[in-house]
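Spelled out, the chains give:
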Amino acid sequence: MSETEQSFTEEQDILIWDGLQAFRELPDWMMAARDPERICAVFSQAIPEFQSGQLILRECDTSNIRYKGENWQGFYELTVSEPGESDTRIINLQGVLSAPGVYADRPLVLEGELGSKDWHAYIPELNLELWNKEPESVLSSLELLTDPEQSRQYLMSQIRAGSPAYPDLEIEASHPRIARYKPGSRCTIVYHLDYPLGAGDRWPELVVAKTYRKEKGQNAYESMRALWDSPLSSSDALKIAEPLAYDPELKVMIQGPIRQEKTLKELTVMAVTAGTPEAYAELTEAMRKTARGLAELHKTDIELGKVYGWEDDEMQVRESIDELSTSVPMLGPAAYPLLERLNKLEASSEPDAPVASHGTFRPAQVLLYNGEIGFIDFDSCCKAEPAKDLGLFLCAFLRAGMATVDFDDIAVSSEELDDGGRRARFERLIAISEQFLDEYERANKPVNRQRVALFEALELFILIQHAWTKIKVRELNDIMYVLEQFLPTYKILDLK
């Protein structure tokens, strides 16, 4: 490389690095609308019911906020009590957070009684407009799916029609249990089923029903059916659930059981929290098994209608940045130097041939049970180069291992690492990642590792955007650290 070329590259690296720093800290006005203590302090002074002492504001849950279009929308759960009373009740509000200047000089607005359906407020100190939260809509299929007798008849008819292996299925009793529920959106229900005496061995002991909002359920069922009809269903390296039926009218998929003691994500957090050689050895072995399971999936020769490539993920990043730039204009120019570097490296590398891919493969989708590995959630199953699954998975692995804050109901160690300890953990996780790739290649064939690193870097940048769209301060700090360590490690950025 000539001195001119080297100087140009160094200037580009400085531009990329400076751009990343624009993402490092969320603006104070965003954090204020997410900080429970600040919310409580402002509400206590601004809202008459609290200001007068008619109600006592105990706490405020601000965990559900997301950027949509041109502002942040979310829910505020207020825990309140009467003066002198220990009993509390919940008041649910929904709000819109706008950037400063959108409503310049707009005064404080308070209408109606707090908790009533016509209550409305605008609090200029927070740039926050609030209403009483509307009741959650109920999934149309929920009553059917959770009622023992209705679900018994529904499961029996759907499985008989949808699964060639069980045309004579006879269910005597259904025992539903809601495993996961997001009101008005999606629900996962586990059923313990009773069969006639002597018939149960031929039929699944448990079945799971999952509801979908859009058409992902159809893709999940068709993909899982193709995988189940392939040699993968009898693989020793990987367990997958048997698809039993899909109801396009109610958008409900029914599948067989897949056992779990813990997820690989949970094991990752447990290992880095313990920090012992034994814990890391257990994690490394689980990662190797996962690599062999993913190799089995990628070797499966099945037809899939959807094909995804680098350009699809990169386009989503640009669209997200463009949306965010509406409220925070500096983010667009700050993001593009890194995107251009990633695109340039991607264009200069050769992708491997597309394979049957999971599409959203993360450690949370890997179930560990009695030494076995299972994969779940094939909603985004598609044809893609191996680097897409590999990069996304390894990015999520690093995120879980480097987290310093609780997320997704997994308790992360609160013990703070010093700079040396943090760097040592990162290097250990990178070493395990390389062993994962080594094992994948032994079980399958070599992959273009530069492209794996590029997909990983792109996904890390996506997570930084998510921290902005969801106003996640601690998560932003964690992911920024990982990205800034990752880019020089894989020669994507040479400046440190």
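Residue positions are counted from 1 within each chain, in the order its sequence is given. For this predicted model, a pLDDT threshold of at least 70 governs which residues receive local features, and a threshold of 80 or more governs which side-chain atom pairs are given and counted, while totals over whole chains, interfaces and linings are taken from all residues. Neither water nor hydrogens contribute to the side-chain values; these are computed over all heavy atoms in the structure.

*Asks:* Would you explain the overall build of the chain in this entry?
*Replies:* Helix and strand content of the chain: 15 helices and 17 strands. What the globule rule says is 2.2 Å times the number of residues to the power 0.38, and the radius of gyration is computed from C-alpha atoms. Its C-alpha atoms give the chain a radius of gyration of 25 Å, within 12% of the compact-globule value 23 Å for 496 residues. Projected onto its principal axes, the C-alpha positions of the chain cover 75 × 70 × 45 Å. Counting over 496 residues, the chain shows a buried share of 51%. Within the chain, residue pairs in contact and separated by at least 24 positions form 66% of the contacts whose partners lie at least 6 positions apart. Accessible surface for the chain amounts to roughly 23700 Å². Of this, 48% is attributable to carbon and sulfur atoms. Neither His nor the chain termini are counted; the positive set is Lys and Arg, and the negative set is Asp and Glu. By convention, the charge on Lys lies at NZ, on Arg at CZ, on Asp at CG and on Glu at CD. Within the chain, one finds 52 positive and 84 negative side-chain charges whose respective centroids are separated by 3 Å. Strands are runs of DSSP state E lasting at least 2 residues, helices are runs of H or I lasting at least 4, and numbering of each runs from the N terminus. Partly exposed residues are those whose accessible area sits between 20% and 50% of the maximum for their type, while under 20% is buried and over 50% is exposed, using a 1.4 Å probe and protein chains only. Throughout, a contact is declared for two residues whenever any of their heavy atoms are within 4.5 Å. Note on areas: Shrake-Rupley, 1.4 Å probe, and residue coverage restricted to the protein chains presented here.

*Asks:* Got a minute to help me understand the environment of Ala-245 in this structure?
*Replies:* Structurally, Ala-245 is set in strand β11 (residues 243-247). When the C-alpha positions of Ala-245 and Arg-225 are compared, they lie 9.3 Å apart, and in sequence the two are 20 residues distant. Apart from residues lying up to four places away in sequence, Ala-245 is in contact with Gln-158, Ile-159, Gly-162, Tyr-221, Val-252, Met-253 and Ile-254.

*Asks:* How should I be thinking about the side chain of Ser-357 in this particular structure?
*Replies:* Position of Ser-357 relative to the elements: it lies in strand β14 (residues 355-357). Pairs of N or O atoms are called polar contacts if they sit within 3.5 Å, as long as, within protein, a hydrogen donor faces a hydrogen acceptor (for residues adjacent in sequence, only side-chain-to-side-chain pairs). In terms of polar contacts, Ser-357 uses its side chain to reach the backbone carbonyl oxygen of Val-355, at 3.1 Å. Looking at Ser-357, its side chain comes within polar contact range of the main-chain oxygen of Ala-384, at 3.3 Å. Among all residues touching Ser-357, those that are not within four sequence positions of it are Leu-297, His-298, Cys-381, Cys-382, Ala-384, Glu-385 and Asp-389.

*Asks:* When you look at the sheet that holds strand β4 (residues 109-111) in this model, what are you seeing that I'm missing?
*Replies:* For two strands to pair, DSSP has to find at least two bridges joining them. Judged by pairing direction, the sheet is antiparallel, and its six strands sit side by side in the order β1-β2-β3-β6-β5-β4 without closing on themselves. The open sheet has two edge strands with one neighbour each: β1 (56-68) and β4. Taken pair by pair, the neighbouring strands of this sheet meet at an average axis angle of 20°, ignoring direction. Note: strand β5 (residues 120-123) against strand β6 (residues 128-132), four bridges, orientation antiparallel. What sits directly across from His-120, in β6, is Trp-131. In this fold helix α3 (residues 36-46) packs onto β1, β2 (71-81), β3 (88-97), β4, β5 and β6, with an angle of close to 115° to the strand it touches most, β1. Helix axes use the C-alpha atoms of the stretch in contact, all axes being lines fitted to C-alpha atoms, and the angles between their N-to-C directions lie in the range 0 to 180 degrees.

*Asks:* Sorry if this is basic, but what is going on with the sheet that holds strand β10 (residues 239-240) here?
*Replies:* In a beta sheet, neighbouring strands are held together by backbone hydrogen bonds and run either parallel or antiparallel to one another. Strands sit in the order β10-β16-β15-β13 across an open sheet of four strands; the sheet is mixed. Sheet topology places β10 and β13 (262-263) at the edges, where each strand pairs with a single neighbour.

*Asks:* What should I look at first to understand the environment of Ala-199 in this one?
*Replies:* Of note, Ala-199 is situated in the loop between β8 (186-194) and β9 (206-211). Measuring from C-alpha to C-alpha, the distance between Ala-199 and Ile-171 comes to 9.8 Å, with 28 residues separating the pair along the chain.

*Asks:* Explain the confidence of the model for the chain here, please?
*Replies:* Should pLDDT be low for a region, the predicted coordinates there are not to be read in detail. Confidence of the prediction at every residue is given by pLDDT, a number between 0 and 100. For the chain, per-residue confidence averages 91 on the pLDDT scale, and 94% of positions sit at 70 or higher. No element of the chain has a lower mean pLDDT than helix α1 (residues 3-21), which averages 75, and none a higher one than helix α9 (residues 277-299), which averages 98. Taken as a whole, residues 3-8 scores under 50 in pLDDT and shows one contact with residues more than four places along the chain or in a different chain. Considering only residues more than four positions removed or in separate chains, one finds that residues 407-411, a stretch of pLDDT under 50, has eleven contacts.

*Asks:* Please explain helix α12 (residues 386-402) as it appears in this structure.
*Replies:* An α-helical segment advances 3.6 residues per turn. Residues three or four places apart therefore align on the same side. The length a helix should cover is 1.5 Å for every residue beyond the first. Between the first and last C-alpha of α12 there are 24 Å, a value that for 17 residues agrees with the 24 Å anticipated at 1.5 Å per step. When you tally the buried positions in α12, you get 16 out of 17 residues, the bulk of the element.

*Asks:* Even after reading the chapter, I still don't get the state of the cysteines, so can you show me in this structure?
*Replies:* Linking two cysteines covalently via their sulfur atoms produces the bond known as a disulfide. Two cysteine sulfurs form a disulfide in these notes if their separation is within 2.5 Å. Taken as a whole and assessed by the stated rule, the structure comprises zero disulfides. Free of any disulfide, Cys-60 has its nearest cysteine sulfur in Cys-40, 5.4 Å distant. For Cys-60, a relative accessible area of 7% gives the class buried.

*Asks:* What should I look at first to understand the packing of aromatic side chains in this one?
*Replies:* Ring pairs (aromatic) are described by centroid distance and by the angle formed between their planes. To pair, rings of Phe, Tyr and Trp, with the six-membered ring standing in for Trp, must have centres within 6.5 Å; the planes then decide the type, stacked if under 30 degrees apart, edge-to-face if over 60, and tilted in the middle. This model, assessed by the stated rule, comprises 13 aromatic pairs. Arranged with centres 4.8 Å apart and planes meeting at 25°, the rings of Phe-393 and Phe-436 form a pair that is stacked. Of this pair, Phe-393 sits in helix α12 while Phe-436 sits in helix α13 (residues 419-443); the two residues are 43 residues apart in sequence, bridging distant segments of the chain. These aromatic residues form a ring-pair network of at least three members: Phe-361, Phe-375, Phe-393 and Phe-436. As a reminder, the over-ring test applies to NZ of lysine and CZ of arginine, requiring each to be within 6 Å of the ring centre and within 35 degrees of the ring normal. When the ring centre of Tyr-122 is taken as origin, the NZ or CZ atom of Arg-106, which lies over that ring, is 4.4 Å away.

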